[in-house]
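# Summary of structural features
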Amino acid sequence: MQKIINLAKKRLEDGNLVIFPTETVYGLGGDATNLRAIKKIYNLKKRPLENPLICHFKNIKEIKENFEINSLDNEIIKKFCPGPLTIILKKRKKCKIHASVSNNLNYIGCRIPKNKIAINILKSVNFPIAAPSANISTKISPTQTNHISKKLKDNTLIINGGKSLLGLESTVVKTSKNKILILRLGSISIEEIRRKIPNKDIEIKNLNQKVSPGNQKKHYAPNLPIRINVTKVLKNEGLLNFGKNNMKSNICEYNLSSKGSLKEASKNFFNFLYLIDNNKLCKGIAVAPIPSQDLGKTINDRLKRASYKK
Ligand code: TXA
Ligand code: MG
């Protein structure tokens with residue numbers, strides 16, 4: 001393990017990119033203080049420059065050195081970091097993050113991942129790591145290294161940490177006065193935030209591109225067309241099922257969770273989409289209804305974007 005961490009450190013210090021595991025999805029990481037590395041991330045991912053990158057930190061101290069934090073930010077950070085949460089914070093004057101990470105915005109998405117390999121890499125270097133999900137823009141996020149596209153594989157060092165523990169990206173939040181705004185639904189449900197931080201207003205921002213530029217209408221999309229909330233599967237469709245029902249596919253079926261667990265469904269979500277998408281016999285993907293509560297809200301958000309037609 002130490003050997004591969006040293007290799008990652010060397011790559012990152014040279015301004016190159018490393019794909020590393022986190023508890024949510026794999027990240028395509030580069031030195032957040034180095035313009036050359038940031039440019040490589042945007043180019044490789046084919047990501048529009050106005051969509052800012054999340055920065056990953058090794059600990060809370062490093063975040064506090066670089067950003068202004070109000071008391072609600074502090075409470076959120078204490079409850080959810082390290083973990084699958086990204087909090088948007090205002091840069092201090094002395095902030096080390098390069099302006100290109102956030103398209104010159106004064107606010108940056110900050111996250112401390114809860115994954116041993118990720119933390120060891122972050123500890124090995126003396127800069128934060130900018131890392132979007134390791135997919136080509138608008139495609140599905142990788143939760144295993146075999147999901148990573150050839151173009152990304154050929155241009156990076158990949159560190160294999162097995163299957164992502166949670167399987168959905170981090171929840172992106174921002175505070176506004178005494179309110180918690182949710183800018184992207186993710187691996188921490190609104191219900192969990194409400195439980196851990198009671199008595200605070202939580203507002204799901206109309207999840208559009210303006211507030212959080214990554215909320216494109218089309219995103220997280222497999223190559224095959226997707227139909228959601230189906231009750232009947234068509235002849236050439238693979239089935240992404242949930243819970244118990246009578247639906248059948250002639251070609252292939254993956255059940256996100258036959259016992260109806262949304263946590264299990266989250267973990268399987270991108271992998272099962274990937275498997276159906278790569279089945280040569282499938283011409284489309286039919287998705288069973290998923291309850292819109294807890295992590296089901298995040299899954300439905302991803303499905304809505306994945307099935308978006310212009
Ligand atoms: O779980 C995750 O968050 C993964 C792992 C690798 O950490 N990363 C990830 O990054 O999903 P990415 O770039 O694919 O998604 C980041 C989201 C985007 O929707 C982006 O628009 C939003 O966070 N975001 C980042 N910086 C922002 C900022 N300064 N203001 C508003 N939204 C921001
Ligand atoms: Mg992404």
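Before any of the text, the structure's been laid out above.
Residues numbered from 1 in each chain as written. Chains lettered and ligands numbered in written order. Predicted model: local features only at pLDDT ≥ 70, side-chain atom pairs only at ≥ 80, totals over all residues. Heavy atoms only, no water.

### As for the environment of Arg 92
We apply this condition: Every helix listed is a DSSP run of H or I at least four residues long, and every strand listed is a run of E at least two residues long, numbered separately from the N terminus. Under the scheme applied here, a residue whose accessible area is under 20% of the maximum for its type counts as buried, over 50% as exposed, and between as partly exposed, the area being computed with a 1.4 Å probe on protein chains only. Should any heavy atoms of two residues lie within 4.5 Å, those residues are considered in contact. Polar contact is the term for a pair of N or O atoms within 3.5 Å; when the atoms are in protein, one must be able to donate a hydrogen and the other to accept it, and sequence-neighboring residues count only if both atoms are side-chain atoms.
Turning to its location among the elements, Arg 92 is positioned in the loop between β5 (85-91) and β6 (107-111). Arg 92 sits in the partly exposed class, given a relative accessible area of 33%. Separated by 132 residues in sequence, Arg 92 and Leu 224 have C-alpha atoms that sit 44 Å apart. If near-sequence neighbours (up to four positions away) are discounted, Arg 92 is found in contact with Lys 64, Glu 65, Asn 66, Phe 67 and Glu 68. Here the side chain of Arg 92 touches Phe 67 through a polar contact of 3.2 Å, landing on its backbone oxygen.

### Notes on the packing of aromatic side chains
Short version of the rule: What counts as a ring pair is set by centres within 6.5 Å for rings of Phe, Tyr and Trp (its six-membered ring), and what kind of pair is set by the plane angle: stacked under 30 degrees, edge-to-face over 60, tilted for all other angles.
Enumeration according to the criterion identifies three aromatic pairs in this entry. Relative to Phe 272, the ring of Tyr 254 has its centre 5.2 Å away and its plane inclined at 35°; by these criteria the two rings are tilted. Of the two residues, Tyr 254 is situated in strand β14 (residues 253-255) and Phe 272 in helix α8 (residues 262-277); the sequence distance between them amounts to 18 residues. Look at Tyr 254 and you get partly exposed, because its relative accessible area is 25%. Relative accessible area serves as the criterion here: at 13%, Phe 272 is assigned to the buried category.

### Description of the pattern of salt bridges
Under the convention used in this document: Within this document, salt bridges are pairs made up of a side-chain nitrogen of Lys or Arg and a carboxyl oxygen of Asp or Glu, the two lying within 4 Å of each other.
In the structure shown here, the tally under the stated rule is 15 salt bridges. When the shortest N-O distance is used, the salt bridge between Lys 9 and Glu 13 registers 3.0 Å. Placement of both Lys 9 and Glu 13 in helix α1 (residues 2-13) is noted, with a separation of four residues, approximately one turn of the helix. Residue classification places Glu 13 among the partly exposed positions, given a relative accessible area of 40%. Salt-bridge contacts for Glu 192 lead to Lys 196; the nearest nitrogen and oxygen are separated by 2.8 Å. In this pair, Glu 192 and Lys 196 are both assigned in helix α7 (residues 190-196), four residues apart and thus about one turn of the helix distant. On the accessibility criterion, Lys 196 (36% relative accessible area) is partly exposed. When salt bridges with common partners are traced through the structure, they connect Glu 169, Asp 301, Arg 302 and Arg 305 into a single cluster.

### Quick look at the sheet that holds strand β13 (residues 237-241)
Under the convention used in this document: The rule for pairing is simple: two strands pair if DSSP sees at least two bridges between them. Lines fitted to C-alpha atoms define the axes here, with helix axes fitted over just the stretch in contact, and angles between the N-to-C directions of these axes take values from 0 to 180 degrees.
Spatially, four strands are ordered β12-β15-β13-β14 in an open sheet, and the strand pairing comes out parallel. Single-partner strands in this sheet number two, and they are β12 (226-227) and β14. Contacting β12, β13, β14 and β15 (284-287), α8 crosses the sheet at an angle of about 170° to β13.

### Here we look at α1
We apply this condition: Any helix carries an expected span of 1.5 Å times its number of residues minus one. As used here, the arc is the angular range of directions from the helix axis to the C-beta atoms.
Helix length check: α1, at twelve residues, gives a terminal C-alpha distance of 16 Å against a target of 16 Å (1.5 Å per residue), a fit within 8%. Among the residues making up α1, those that are buried are Ile 5, Ala 8 and Leu 12. Each buried residue of α1 lies within a common arc of 60° when the element is viewed along its axis, so the set occupies one face.

### Focus on the pairing of β13
Judged by how many residues are buried, β13 sits mostly within the fold: five of five residues are covered. Covered by surrounding structure in β13 are Glu 237, Leu 239 and Asn 241 together with Gly 238 and Leu 240, the residues of both alternating faces. Two elements, β13 and β15, share four bridges in a ladder whose sense is parallel. When the bridges of β15 are listed, Glu 237 appears paired with Gly 284. As defined by bridge partners, β13 adjoins β14 across three bridges and the pair is classed as parallel. Each bridged residue has a counterpart across the sheet, and for Leu 240 the counterpart in β14 is Tyr 254.

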